[in-house]
Amino acid sequence: MTATVAVGLGERAYEVLIGPGLLDQAGERIAPLLKRARVAVVSDETVWGLHGARLSAAFERAAIAVLPIVVTPGEQTKSFAGLAELIDRLLALELDRGDLITAFGGGVVGDLAGFAAAIFKRGIDVVQIPTTLLAQVDSSVGGKTAIDTPRGKNLVGAFHQPRLVLADLDVLATLPDREMRAGYAEVIKYGLLGDLKFFEWLEAHGAQVLAREPAALARAVARCVEMKAEIVAQDETEQGRRALLNLGHTFGHALESETGHSQALLHGEAVAAGQALAFRFAAAQGFCATGEARRATDAIAAAGLPTGLSQVPGHPFAADRLVRHMAQDKKAEGGKLTFILARGLGRAFVAKDVDAGAVTAFLLTEGAC
Ligand code: NAD
Ligand code: GLY
């Protein structure tokens, strides 16, 4: 069964298809978007090795030539150097503005290939085929594309909506458990930020989602995509409500900066710890009941994800260094810190003008030094 979620963005509207077996339908689904019967596929070595043959076969059945560009897996590829290399390879393939790039991989490939598509010859179309849980529920939808710089994550990028997203749930079968849990951090984010019922469903069924039980997985991915589509359609360029999707990210990005964006702490793991910290900080500031912050923390812990500083490699962290990372974050405006906090489960809000001193004091109570 394929679920279809529409992202209502007027002339840039598109569909997100969610279900098993979609990789095998990629040729017929993408063919109507092509001017020429060829497609550049950007993937990473791991994804291409595991699933490239299936995708290629699907394109070949639709008489579409595949031009694969296979990059090194990992966050370090989402860099100026990685972008320069990718653009050079696209130019070498003599792609032009009538062609289309397919981003086939996790959030790293999606963000990098999406950004390359945004700027290649002033912009060409991109289709996202996300292969991690994180990418299926978050990064492939909504058009945010970016690379990192040594000064921080996602600091250079563009909004460039895909023409289509194909989220094939079957490909998640090969995803390592740790990556599955990291993606689940973004799943739980949707419940925590805006849907108490979904959060409660995850409290009861999260283990089935993590075990990739087909019905639970399909329901979870579809609900996340529905919520993301609704938010993006309202606030494409993050002037307001879209910022709620950054729940856990201000604390999380600071931790990722401290751990060097390395395998020591995956993005989703940072977001997991960041969400628990955001709920406890909200409770400490009197916005949210302590019991609700504890429930958020417990649900994250139940998924085997970190919920605090002491579970992050490198602990103990210096509170003032963490706050400095937060101040460099692009969500900081006019020297004030912006956080996504919550008034309760499913009730996130954008808190501007958060006092850095209060954050430092809170981090000290959380084990920072
Ligand atoms: P990733 O792309 O690095 O993938 C994680 C690992 O899993 C990689 O080693 C990859 O090769 C492997 N992999 C991918 N699919 C697989 C599969 N089906 N089977 C086996 N292995 C597989 O990481 P990610 O967690 O998908 O994405 C993280 C990135 O996404 C970060 O750079 C983050 O900034 C970005 N992000 C972007 C947005 C957005 O809105 N654009 C939102 C959230 C996160
Ligand atoms: N991942 C946050 C956003 O898409 O806005």
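The rules we used
Residues numbered from 1 in each chain as written. Chains lettered and ligands numbered in written order. Predicted model: local features only at pLDDT ≥ 70, side-chain atom pairs only at ≥ 80, totals over all residues. Heavy atoms only, no water. Near = heavy atom within 4 Å. Polar contact = N/O pair within 3.5 Å; in protein donor to acceptor, adjacent residues only side chain to side chain. Areas by Shrake-Rupley, 256 points an atom, 1.4 Å probe, with all protein chains shown as cover. Nonpolar A, V, L, I, M, F, W, Y, C, P; charged D, E, K, R; others polar. Helix = DSSP H or I, 4+ residues; strand = E, 2+ residues; numbered from the N terminus. Buried < 20%, exposed > 50% of the residue type's maximum accessible area, 1.4 Å probe, protein only. Contact = heavy atoms within 4.5 Å. Salt bridge = Lys/Arg side-chain N within 4 Å of Asp/Glu carboxyl O. Axes fitted to C-alpha atoms, helices over the stretch in contact; angles between N-to-C directions. Left-handed = near helix turned anticlockwise from the far one by under 90°. Pairing = 2+ DSSP bridges.

With that settled, consider the site of ligand 2. Contacts to ligand 2 come from D138, K144, K228, E238, R242, L245 and N246. A distance of 3.1 Å separates a nitrogen atom of ligand 2 from a polar side-chain atom of D138. Taking K144, its side chain carries an N or O atom lying 2.9 Å from an oxygen atom of ligand 2. Across the complex, the protein chains shield 89% of the 200 Å² of accessible surface that ligand 2 would expose by itself. For the shell around ligand 2, the residue count by class is one nonpolar, one polar and five charged.

Relative to the assigned elements, D148 resides in strand β7 (residues 144-149). Judged by relative accessible area, D148 falls into the buried class, the value being 9%. When residues no more than four places from it in sequence are discounted, the contact partners of D148 are E75, K78, S79, F80, K153 and N154.

The next subject is the site of ligand 1. Neighbouring ligand 1 are 27 residues, the closest being D44, E75, G107, T132 and T174. Here V171 contributes a backbone N or O atom positioned 3.0 Å from a nitrogen atom of ligand 1. Out of a free accessible area of 870 Å², ligand 1 has 90% covered by protein chains. Top contributing element to the shell around ligand 1 by residue count: helix α2 (residues 45-61), with four residues. In terms of residue class, the shell around ligand 1 is built from eight nonpolar, 10 polar and nine charged.

For the structure on display, the rule yields 26 salt bridges. R54 is paired through a salt bridge with D24; the nearest N and O atoms lie 2.9 Å apart. Highlighted residues: R54 in helix α2 and D24 in the loop between β2 (14-19) and α1 (26-30), separated in sequence by 30 residues. Linking R36 and D96 is a salt bridge whose minimum nitrogen-to-oxygen distance equals 2.8 Å. Note that R36 is positioned in the loop between α1 and β3 (38-44) and D96 in the loop between α3 (80-92) and β5 (100-105), a separation of 60 residues in sequence. Residue classification places R36 among the partly exposed positions, given a relative accessible area of 38%. Judged by relative accessible area, which is 31%, D96 ranks as partly exposed. Through salt bridges with shared partners, a single ionic network connects E75, K78, D111, D148, K153 and E256.

Running from N to C, helix α6 (residues 177-194) and helix α10 (residues 267-284) point in directions that differ by 35°, and their axes come no closer than 7 Å. With respect to the hand of their crossing, α6 and α10 are arranged in left-handed fashion. Two secondary-structure elements touch here, α6 through R178, A182, A185, E186, I188, K189 and L192 and α10 through H267, G268, E269, V271, A272, Q275 and F279. Residues belonging to the contact of α6 with α10 are distributed by class as follows: seven nonpolar, three polar and four charged.

A few words now on the sheet that holds strand β6 (residues 125-130). Spatial ordering of the open sheet is given by β1-β2-β9-β6-β5-β3-β4, a layout of seven strands whose pairing is mixed. Edge positions in the open sheet fall to β1 (3-7) and β4 (65-71), since each of these has one partner strand only. Adjacent strand axes in the sheet meet at a mean angle of 20°, parallel and antiparallel pairs treated alike. Docked against the sheet, α2 engages β3, β4, β5, β6 and β9 (164-168), running at close to 160° with respect to β3. Along the sheet, α3 contacts β3, β4 and β5; its crossing angle with β4, the most-contacted strand, is approximately 160°.

Moving on: the environment of E269. Residue placement: E269 occurs in helix α10. Here E269 falls in the buried class, since its relative accessible area comes to 10%. With 86 residues separating them along the chain, E269 and G183 place their C-alpha atoms 8.4 Å apart. With near-sequence residues (within four places) excluded, E269 lies in contact with R178, A182, A264, L305 and P306.

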